[in-house]
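# Examining the three-dimensional arrangement
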Amino acid sequence: GALRVTKHADDVAMRLTMPAISTPPAARKGAGHVKTRAQATSVAGKTQDLARRVRADFPILSRQVYESFPLVYLDSAATSQKPRCVMEAMTDYYMQYNSNVHRGVHALSSQATEEYETARSKVADFLNAETDREIVFTRNASEAVNLVAYSWGLENLKEGDQVVLSVMEHHSNLVPWQIICKKTGAKLCHVGMTEDEELDLEQLEEITKSGKTKLIALAHVSNTLGCITPVEEVVKIAKNCGAKVLLDACQSVPHMPVDVQTLGVDWIVASAHKMCGPTGIGFLWGRYDVLESMDPWMGGGEMIQDVYLDHSTYAEPPSRFEAGTPAICEAIGLGIACDYLSSIGMDKVHEYEKFLSTYMYEKLSDIDGVHIYGPKPPKERAALCAFNVEGIHPTDIATIMDQTTGVAIRSGHHCTQPLHRILVSDGQPFASARASAYLYTTTEDIDMFVSALQNTMSFFREVEASL
């Protein structure tokens with residue numbers, strides 16, 4: 001099994017004996033990537049200015065951790081850092097016009113309502129939605145999936161129907177459908193992966209030939225594999241069997257242009273905190289005719305039209321799905337985050353991250369003993385790499401790197417336990433380490449991460465040899 005060194009607090013002393021980070025020559029597997037890297041380097045000259053230009057907008061990136069190491073933040077797939085303009089806008093709300101929305105005529109309430117609804121319009125514009133009435137604010141993407149599951153799923157699924165997911169789904173797009181299928185008697189089906197660890201479209205088509213599929217719910221971009229779902233092909237398959245399509249867009253909306261009018265799906269969900277916005281708010285986009293057909297999920301204030309002692313009538317979407325006082329400040333912050341990303345241009349963000357993706361993958365793949373999950377370049381993949389190192393637990397890797405170099409990566413199952421049970425060999429922990437980049441990530445960040453990983457691996461090999 002993987003060597004565990006960081007189980008107890010007593011191990012801190014051992015961590016601190018690790019050699020200082022240097023830049024040793026990488027253990028090369030071969031020269032197969034040289035040409036591609038040279039091409040990537042030429043792109044770097046044109047794109048690298050993006051990260052350097054925006055880094056000053058993110059105050060946290062200039063801090064030190066453990067009082068001595070500059071922060072190297074490579075955990076953006078879990079949450080992005082926030083630009084100063086988002087934080088200032090949220091502070092301004094609380095200091096200048098804090099008030100409840102929709103239920104007041106005084107100056108503060110009017111301004112709060114205007115800013116809140118303007119934020120909805122900004123999200124709609126960011127996605128090229130037909131109308132801002134298609135944007136429902138939720139606490140997060142998980143709540144958005146649950147909204148569809150309970151409002152649409154309970155009413156439209158019955159025994160014998162099929163709900164089709166993939167084996168790579170985030171728990172947020174898996175557990176709600178497990179619950180709904182148990183309640184309705186619908187059957188939950190799972191599409192596997194190809195040899196390249198991408199969605200198996202042939203299997204998806206085969207499963208839907210039964211004619212019983214009512215919903216296909218998939219991640220647009222896998223948060224573990226980095227693979228990108230071919231939405232156009234999925235929509236064609238869905239139309240052939242009369243199924244609706246829900247897209248988990250948490251790892252796509254922050255990183256690439258997403259146009260809901262051309263995607264052809266019925267719903268997408270996303271979270272603000274992964275796209276430079278605050279935590280505590282996400283959104284559901286749905287085709288308006290589909291939203292109109294859905295009953296409320298939660299009852300309370302705001303979502304009603306008329307209330308009597310024995311019954312109520314309900315507001316039109318999106319208000320129908322926004323019971324109670326909303327996250328006003330967070331919605332405003334999300335709107336400013338959309339402004340910020342739009343001012344840069346999502347096409348530019350995407351182009352830069354394609355370069356970072358290849359750069360990170362090839363740097364990691366040059367290290368012996370590192371196994372990276374997901375498709376290999378030149379296939380397009382997200383700017384993240386989930387990986388394992390033979391014989392070393394991913395949490396040990398992440399802990400040592402953090403405490404001895406200030407490099408922040410994630411370890412664990414990344415809310416994809418079923419996927420890890422497929423990816424990871426028997427006897428190994430169902431987990432991986434993951435480094436993930438964003439528009440503020442530089443190649444120097446990735447170089448420092450790779451150097452820290454090499455030194456961490458050497459440290460553990462020395463420990464293992466001494467036991």
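All of these numbers come straight from a predicted model, not from anything done at the bench. (Residues numbered from 1 in each chain as written. Predicted model: local features only at pLDDT ≥ 70, side-chain atom pairs only at ≥ 80, totals over all residues. Heavy atoms only, no water.)

### Notes on the confidence of the model for the chain
Residue-level pLDDT values for the chain average 91, and 90% of them are 70 or greater. Between residues 1-42, whose pLDDT stays under 50, and residues either more than four places distant or in other chains, the model counts 81 contacts. (pLDDT = per-residue confidence, 0-100. Contact = heavy atoms within 4.5 Å.)

### Regarding the packing of aromatic side chains
Under the definition given, this model contains 12 aromatic pairs. An angle of 65° between the planes, with centres 4.9 Å apart, marks the rings of Tyr-93 and Tyr-94 as edge-to-face. On the basis of relative accessibility, which here comes to 3%, the residue Tyr-93 falls in the buried class. Ring centres of Tyr-93 and Tyr-97 lie 5.2 Å apart, and the angle between their planes is 85°; on these two criteria the pair is classed as edge-to-face. The class of Tyr-97 is buried, set by a relative accessible area of 3%. Feature note: the residues Phe-58, Tyr-340, Tyr-438 and Tyr-440 constitute an aromatic cluster, connected by ring pairs. (Phe/Tyr/Trp six-rings, centres within 6.5 Å; stacked < 30°, edge-to-face > 60°. Buried < 20%, exposed > 50% of the residue type's maximum accessible area, 1.4 Å probe, protein only.)

### Observations regarding the packing of helix H5 (residues 141-156) against helix H6 (residues 175-184)
Between H5 and H6, the least distance of the axes is 9 Å, while the angle of their chain directions is 15°. Taken together, H5 and H6 sit at an angle that is classed as roughly parallel. Taken as a pair, H5 and H6 cross one another with a handedness that is right-handed. Here Val-145, Asn-146, Val-148, Ala-149, Tyr-150, Gly-153 and Leu-154 of H5 lie close against H6, whose contacting residues are Pro-176, Trp-177, Ile-179, Ile-180, Lys-183 and Thr-184. Among the residues making up the contact of H5 with H6, the classes are represented as 9 nonpolar, 3 polar and 1 charged. (Axes fitted to C-alpha atoms, helices over the stretch in contact; angles between N-to-C directions. Helix = DSSP H or I, 4+ residues; strand = E, 2+ residues; numbered from the N terminus. Parallel < 35°, antiparallel > 145°, perpendicular 65-115°, else oblique. Left-handed = near helix turned anticlockwise from the far one by under 90°. Nonpolar A, V, L, I, M, F, W, Y, C, P; charged D, E, K, R; others polar.)

### Concerning the nonpolar core
Counting 120 residues, the largest nonpolar core has Leu-127, Ile-268, Ile-409, Leu-439, Phe-449 and Leu-453 as the members making the most contacts within it. When residues in this core are grouped by element, the largest group, 11 residues, is from helix H11 (residues 328-344). Ignoring anything within four residues of it in the chain, the contact list for Ile-268 reads Leu-127, Leu-247, Ala-249, Val-253, Val-258, Val-260, Leu-263, Phe-283, Leu-284 and Trp-285. Among the nonpolar cores identified, the runner-up in size contains 27 residues, and Leu-147, Ala-217, Val-290 and Leu-291 belong to it. (Core = buried A, V, L, I, M, F, W, Y, C linked by side-chain atoms within 4.5 Å.)

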